[in-house]
Amino acid sequence: MTFVSKKNKAITIDREKLHGVDEAIGLAKANATSKFDETIEVAINLGVDPRHADQMVRGVVTLPKGTGKDVRVGVFAKGAKADEAKAAGADVVGAEDLMEIVQGGTIDFDRCIATPDMMGIVGRLGKVLGPKGLMPNPKLGTVTMDVAAAVKAAKGGQVEYRVEKAGIIHSGIGKASFPAEDLRANFDALVGAVVKAKPSGAKGKYVRKLAVSSTMGPGIKIDTTEVAGA
């Protein structure tokens, strides 16, 4: 196919060709011609059926070069822990008062952290936070007494990944303005974490397809043989 950008630069992308990782990232950057700084995104098609518990793939990974995004962090905590969260840079901190705000339809954060004693309150918000992927989870380090460390991790480039019903993981790995080597470092960190998280119930080929794109650009297929453990 031929992709024509807003700047009238024709960039030809063969939809069927498998590219090397560095080549694909370079093409994705070249296709990011919008006026805003587009996100470079990765799509990973896995050989799993997430409807089965032993085939769920979910976790967190810290992108070494950051996300380029200002992540707003909400924390459910009281007393000293609330103070720690605020000192660490949390954007929204509260307990029952924050619960009422969220129940009212206002969710002014991208990541949600809670101390264990707050889960009774947070549990009431399951129908609101769950569908948005914001429910705190001890396995992801978002239910913790060390709220300061959790806030700093969320602010410092930690991203959560989770396989969708169709067996696909989508995640941003940085902005188009990032140097290609930084995007490659983040790509390796994300894909490496997903490969390491291969569930016991996965059968056959685990990483079936890989693609990278900019927010407004076409998907560029990557040769999965370049990914160790795929």
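This one's a predicted model, so the numbers in the text were calculated from it and none came from an experiment.

Chemist: Could you clarify how one ought to interpret the sheet that holds strand β6 (residues 92-94) in this entry?
Modeler: Two modes of strand pairing occur in sheets, parallel and antiparallel, and in both the strands are linked by backbone hydrogen bonds. In spatial order, the strands read β6-β5-β7; together these three strands make up an open sheet with parallel pairing. In this open sheet, the two edge strands, each paired with only one partner strand, are β6 and β7 (111-114). Here the strands of the sheet are splayed against their neighbours by 15° on average, with no regard to which way each runs. Here strand β5 (residues 73-76) pairs with β7 via four bridges, running parallel. Paired with F76 across the two strands is A114, which belongs to β7. Against the sheet, helix α6 (residues 147-155) engages β5 and β7, with an angle of about 165° to β5.

Chemist: Looking at this model, I keep getting lost on the pattern of salt bridges. Mind explaining?
Modeler: Where charged atoms of side chains with opposite charge meet at close range, the side chains can pair. A full pass over the atoms with the stated rule returns ten salt bridges. E160 is paired through a salt bridge with R58; the nearest N and O atoms lie 2.9 Å apart. With E160 in strand β8 (residues 158-162) and R58 in strand β4 (residues 58-62), this pair connects stretches of sequence that are 102 residues apart. Overall, E160 belongs to the partly exposed group, its relative accessible area being 25%. The closest approach of N and O atoms between R184 and D188, which form a salt bridge, is 2.9 Å. Here the residue R184 and the residue D188 both occupy positions in helix α7 (residues 180-196), the gap between them amounting to four residues, near one helical turn. Exposure remark for R184: the relative accessible area of 22% places this residue in the partly exposed category. When its relative accessible area of 38% is taken as the criterion, D188 is described as partly exposed. When salt bridges with common partners are traced through the structure, they connect R72, D91, D108 and K155 into a single cluster.

Cut-offs and rules
- One numbering rule holds for all chains: residues counted from 1, following each sequence as written.
- Local features in a predicted model are, by the rule used here, given only for residues with pLDDT of at least 70; side-chain atom pairs are given and counted only at 80 or more, and totals for whole chains, interfaces and linings are based on all residues.
- Neither water nor hydrogens contribute to the side-chain values; these are computed over all heavy atoms in the structure.
- When DSSP locates at least two bridges between a pair of strands, those strands are taken to pair.
- In this description a helix means any DSSP run of H or I spanning at least four residues, a strand means any run of E spanning at least two, and both kinds are numbered starting from the N terminus.
- Angles shown run from 0 to 180 degrees and are taken between the N-to-C directions of axes, each axis being a line fitted to C-alpha atoms and, for helices, limited to the stretch in contact.
- Contacts: residue pairs with any heavy atoms within 4.5 Å of one another.
- The rule for a salt bridge is simple: a side-chain nitrogen of Lys or Arg has to be within 4 Å of a carboxyl oxygen of Asp or Glu.
- Partly exposed describes any residue whose relative accessible area lies between the buried limit of under 20% and the exposed limit of over 50%, with all areas from a 1.4 Å probe on protein chains only and scaled to the type maximum.

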